[in-house]
Amino acid sequence: MMNTLLKNQVLSHNNTSRPLPFKFVELLFPRILVQQLRTNTLHDKHETKDRQPDNFFRLHKSKGQHLLTNPRVLDTIVRKSAINPTDTVLEIGPGTGNLTLRLLQAASKVVAVEIDERMVKFLQERASEQGLQHKLSVTREDALKAEFPRFDLVVANIPYGISSPLVTKLVYGEGYNFRSATLLLQKEFARRLLAKPGDSEFNRLAVNVKLVAEVEFVMDVSKRDFVPCPKVDSSVVIIRPKSENEIPSVNLDEWRAFTRSCFNKKNKTLGATFKQKKRVMELLNLSQMRESEGECRRGSNDGYDFVKDDNLDDQSDDEDCIAYSYSETELTMFKRKIIEVLKTSGFEDKRPSKLSIEDLLNLLSLLNGAGIYFHDLKGAENADNNTVLNRKDME
Ligand SMILES: C[S@@+](CC[C@H](N)C(=O)[O-])C[C@H]1O[C@@H](n2cnc3c(N)ncnc32)[C@H](O)[C@@H]1O
C-alpha cells in the first residue's frame with residue numbers, strides 16, 4: 001500500500017497545496033525529508049518480520065535504492081544536462097521521482113526504466129498529481145536487459161551495482177544515438193571514468209569509454225544528500241559520445257577484446273602479459289580462427305590445458321578459461337611472433353595503464369599486421385559449455 005505520508009513528503013518540493021513559500025520549502029526540504037523518511041522507511045538491513053507495517057515503504061539496498069533528496073543537487077543535474085524542451089530524456093532507475101519531476105518540467109518526454117514495481121506505481125501517481133503524466137512513460141524492466149526506446153539524452157541517478165555494464169551498454173550499444181548522459185555515480189567509479197594514462201585509477205573501463213566518448217566532471221555529491229545515507233560519496237559526470245568521424249577506425253569488438261587482454265593485470269608489463277602460455281594459446285586460436293574463419297581448436301586432452309598448467313605465470317587470472325590443443329612448436333613460434341612485435345615496437349616493458357589510446361591503437365594495428373587478432377569470445381562462450389564463465393566486465 002502506498003504510504004501517504006511518504007508521498008506527501010517526497011512531493012513537497014512541487015506540491016502547490018503546501019502553504020509554505022517555495023523558497024522556504026526549498027531550504028527546509030532536505031531536513032524535513034530526511035527526518036521524516038527516516039521514520040517512515042526501512043532499509044533491507046533493518047528489516048525484521050515483526051517490523052513491517054503496511055505504511056512502511058521499504059527501500060532495498062540490493063537494488064541500490066538510495067534516494068537523492070537535496071534539491072540543489074537535483075537542480076544542478078538538470079541544469080547541467082542542458083535539456084531542450086523538445087528532448088526525450090531516458091532516466092534509468094527513477095525511484096520515487098525526485099529527479100523525474102524536474103526532468104518532466106524541462107523535457108518534452110521522459111522514458112524511464114525502473115525495476116521495482118512499487119516505484120513504478122508511485123512515480124505514475126506522482127506524475128499524475130502534477131499533471132505531467134502525459135509526458136511520462138515508465139516501464140518495469142531491468143535496465144541491463146531492456147531495449148531502450150529512442151532518446152536524446154540520459155539523465156539518471158543509477159543504481160551503483162550496475163554502473164559498469166550500464167555505461168558499456170550506453171556507449172557501445174548499437175543503435176543508440178544520444179547527445180549526452182548525465183550520470184550520478186559512485187565517486188570512485190566516476191574517478192576511473194575521468195582518469196588519464198598514468199593515473200592510478202586508469203583502467204580498461206577508462207580506456208574503452210574514452211575511445212568512443214568524452215567524460216566531463218560536474219560535481220561531487222555528499223552521501224548525506226541521499227536517503228537512506230549510503231556508505232560512499234558520489235559524483236556527477238557527463239558522458240558525451242563522440243561523433244562517428246571522431247572515433248578511430250578500429251573494430252570495436254576487437255578493441256574491447258584487446259584491452260581485456262592488455263589490462264588483465266594492468267600493472268604487469270605487456271611483455272609479461274603476452275608471454276603467458278594461456279594468452280599465447282588464446283591468441284593463436286583466435287588468429288587461426290580469423291585465417292580459416294573456422295572452428296577453434298579446443299578441448300583435447302593430449303594438448304595443453306592451461307587451466308591445469310602449474311607453470312602458468314598467473315594462476316589467479318579469472319578471465320576466459322578455454323582449453324585448446326596445440327603442439328609445443330606451434331606455441332613457441334607464435335609466442336616468438338608476439339614478442340617480436342612487442343620488442344621492435346618498444347612496448348615489451350610498458351604497462352598498459354601508462355599507455356595512451358593512440359599507443360594502444362598503434363600496438364593493436366602492429367599485432368594485426370603480424371597476423372595476431374583479438375576477438376570477444378562471448379558468443380563462443382554462450383555456445384560452449386567447456387567455457388568457464390567468470391568473465392569480468394570492464395573493470
Ligand atoms: C539510486 S536509486 C535512484 C532513485 C532516484 N532516481 C533518485 O535519484 O532518488 C536507483 C533506482 O534504480 C532502481 N534500479 C535498481 N536496479 C535497477 C535495474 N537493473 N534496472 C532499472 N532500475 C533499477 C532502484 O529500484 C532505484 O529506484
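Everything numeric in this text was worked out from a predicted model, so none of it was measured. (Residues numbered from 1 in each chain as written. Predicted model: local features only at pLDDT ≥ 70, side-chain atom pairs only at ≥ 80, totals over all residues.)

Draft legend 1. Expanded view of the sheet that holds strand β11 (residues 234-241). Taking strand neighbours across the sheet as the criterion, the seven strands line up as β6-β5-β4-β7-β8-β11-β9 in an open arrangement whose pairing is mixed. With partners counted over all chains shown, the strands left at the sheet margins are β6 (136-140) and β9 (213-221), one partner each. Pairwise comparison of adjacent strand axes, ignoring direction, gives a mean angle of 20° for this sheet. Alignment of strand β8 (residues 180-186) against β11, held across six bridges, turns out to be antiparallel. Bridge pairing in β11 places L185 opposite S235. Relative to the sheet, helix α5 (residues 117-129) contacts β5 (109-114) and β6, its axis offset from that of β6 by approximately 165°. (Pairing = 2+ DSSP bridges. Helix = DSSP H or I, 4+ residues; strand = E, 2+ residues; numbered from the N terminus. Axes fitted to C-alpha atoms, helices over the stretch in contact; angles between N-to-C directions. Contact = placed C-beta atoms within 7 Å.)

Draft legend 2. Fine view of the site of the ligand. Every one of the 23 residues lining the ligand counts as a neighbour, but L67, G93, G95, A143 and N157 are closest to it. Residue assignment for the shell around the ligand shows that the elements contributing at least two residues are β3 (67-68), α4 (98-106) and β5. For the shell around the ligand, the residue count by class is 12 nonpolar, seven polar and four charged. (Near = placed C-beta within 6 Å. Nonpolar A, V, L, I, M, F, W, Y, C, P; charged D, E, K, R; others polar.)

Draft legend 3. How the structure looks around the environment of P149. Secondary-structure assignment places P149 in the loop between β6 and β7 (153-157). Since 12 C-beta atoms lie within 10 Å of it, P149 is described here as exposed. Residues P149 and L252, 103 residues apart in the sequence, show an inter-C-alpha distance of 23 Å. (Buried ≥ 20, exposed ≤ 12 C-beta atoms within 10 Å, placed from the backbone.)

Draft legend 4. Representation of unusual backbone geometry. The omega angle of the peptide bond from V227 to P228 is -10°, so this bond is cis rather than trans. Residues other than glycine seldom take positive phi values, yet A82 does so here, at roughly 50°. By secondary structure assignment, the location of A82 is in the loop between α3 (71-80) and β4 (88-92).

Draft legend 5. Quick look at the UniProt feature "binding site: S-adenosyl-L-methionine" (unreviewed entry) in the protein chain. UniProt tags H66, L68, G93, E114, D142 and N157 as "binding site: S-adenosyl-L-methionine" (unreviewed entry). The residue H66 is located in the loop between β2 (57-59) and β3 in this model. With residues up to four places along the chain from it excluded, the contact list for H66 reads F226, P228 and P230. Secondary-structure assignment places D142 in the loop between β6 and β7. (UniProt positions renumbered as here; feature names shortened; annotations may be inferred.)

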